Amino acid sequence: MSLLDYFRSSKPSSASLAKERLQILVAHERSSRNQPSYLPQLQQELLAVIRKYVNVGQDAITVNFEQDGNQETLELNIVLPDDR
Amino acid sequence: MARIIVVTSGKGGVGKTTTSAAIAMGLAKRGHKTAVIDFDVGLRNLDLIMGCERRVVYDLVNVINNEATLNQALIRDKRCDQLYILPASQTRDKDALTTEGVGKILEELAKDFKYIVCDSPAGIERGATLAMYFADDAFVVTNPEVSSVRDSDRMLGILSSKSRRAERGEDPIREYLLLSRYSPDRVKLGEMLSVDDVQEILSLHLLGVIPESKSVLNASNSGTPVILDEQSDAGQAYQDIVARYLGEDKPHRFIEEEKKGLFSKLLGRK
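What you are looking at is a predicted structure, and each value in this text was computed from that prediction instead of being measured. (Residues numbered from 1 in each chain as written. Chains lettered and ligands numbered in written order. Predicted model: local features only at pLDDT ≥ 70, side-chain atom pairs only at ≥ 80, totals over all residues. Heavy atoms only, no water.)

A. Local environment of the interface of chain B and chain A. Contact with chain B, which involves 15 residues of that partner, is made by twelve residues of chain A. Here chain B and chain A share an interface that buries about 1200 Å² over both sides, 56% of which is from carbon and sulfur atoms. Linking chain B to chain A there are four salt bridges. We note a salt bridge from A:K19 to B:D197, for which the minimum N-O separation is 3.3 Å. (Contact = heavy atoms within 4.5 Å. Buried area = accessible area lost by both parts, 1.4 Å probe. Salt bridge = Lys/Arg side-chain N within 4 Å of Asp/Glu carboxyl O.)

B. Spatial organisation of the layout of surface pockets. Residues and elements named next belong to chain B. What the second largest pocket holds in volume is close to 520 Å³. Residue lining of the second largest pocket: 27 residues in total, with G13, V14, G15, K16 and T18 positioned closest to the centre. Going through the elements one at a time, helix 1 (16-29), helix 2 (46-50), strand 7 (174-182), strand 8 (205-211) and helix 11 (214-222) are the ones with two or more residues in the lining of the second largest pocket. Tallied by class, the residues present in the lining of the second largest pocket amount to eleven nonpolar, ten polar and six charged. (1 Å grid on protein atoms, 1.4 Å probe; cavity = no way out; pocket = protein on both sides within 12 Å on 5 of 7 lines; lining within 4 Å. Points joined across faces, edges and corners; volume = space filled by probe spheres on them. Helix = DSSP H or I, 4+ residues; strand = E, 2+ residues; numbered from the N terminus. Nonpolar A, V, L, I, M, F, W, Y, C, P; charged D, E, K, R; others polar.)

C. Summary view of unusual backbone geometry. Residue and element names in this part refer to chain B. Here N66, not a glycine, exhibits a phi torsion of approximately 60 degrees, which is positive. Here N66 shows up in the loop between helix 3 (60-64) and helix 4 (70-73). Its identity is not glycine, yet S203 carries a phi of approximately 35 degrees, on the positive side. Mapped onto the secondary structure, S203 falls in the loop between helix 10 (195-202) and strand 8. Classification of S203 as exposed rests on a relative accessible area of 55%. (Buried < 20%, exposed > 50% of the residue type's maximum accessible area, 1.4 Å probe, protein only.)

What follows is the structure, given as structure tokens:
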């Protein structure tokens, strides 16, 4: 029986793979669904302002919107370059 | 007060029209006056599944454009006098459906009918969004398969944000999961998402599981809603679904692999 179990568990079933992929995807799509529509533009404009002063790349800035009950949080994260 | 049910899924081919025909017939058979509307403008199909394709004279778009009255367009089912079908138009004009037009038809139907079943087309274009816009309840038909589950989740997002109930700030649409084309034996082998998996991902109230069944194709071949095939597993699954929707407490079936008796095994029955 244990030998049989070994062979069974050696490869994850395709169904569990499907579940895992879906859970990640659905969570991601749900979080972006609730975001305000101005977010991408806000990100672009903020990036333009920051680049006036610091030479950062296109992906140096991330804007996160989170909703937790009644509280909405806008999180802004800027990665400054190392070589200064 | 009429209740408007939308049968939706996002993805095509999962069983929306089969489900619409079955539950509309099921509700009507229980004595509730029911109308079922095909919203798939351009690709009419509900009439075929219901077996009334040769009796279509006027359609949904004719009524919207005041070319026919609602009573002229409604087709009374020959098997059940509580059931009426409003077929879709075959026009290729995508703008034929309007929110006002659909709203007016539903309002008029609501005076006379207990349940109005809206058979949504696949996709997220106008026919689909209008089918759900006025809904009170949503039957989300999902197959245990990745793209279908993802599309269902997408539809849940649209249901909660782009419906009349959402816009008016009323109680949200009640959403139910109908898991169709389910194969318990494949689930057991780890080849198919289980009903628990799908429920965990979508977190929806399960109204019923419809097993993968030969009876569905047989029913559509002959233009008979599968719920009328009382011997079939799919027909029984839809009867359970209608009963549960109406508030009856029925244990779920068709989730576990059917145990074969020694006799069937010997005869190799499936």
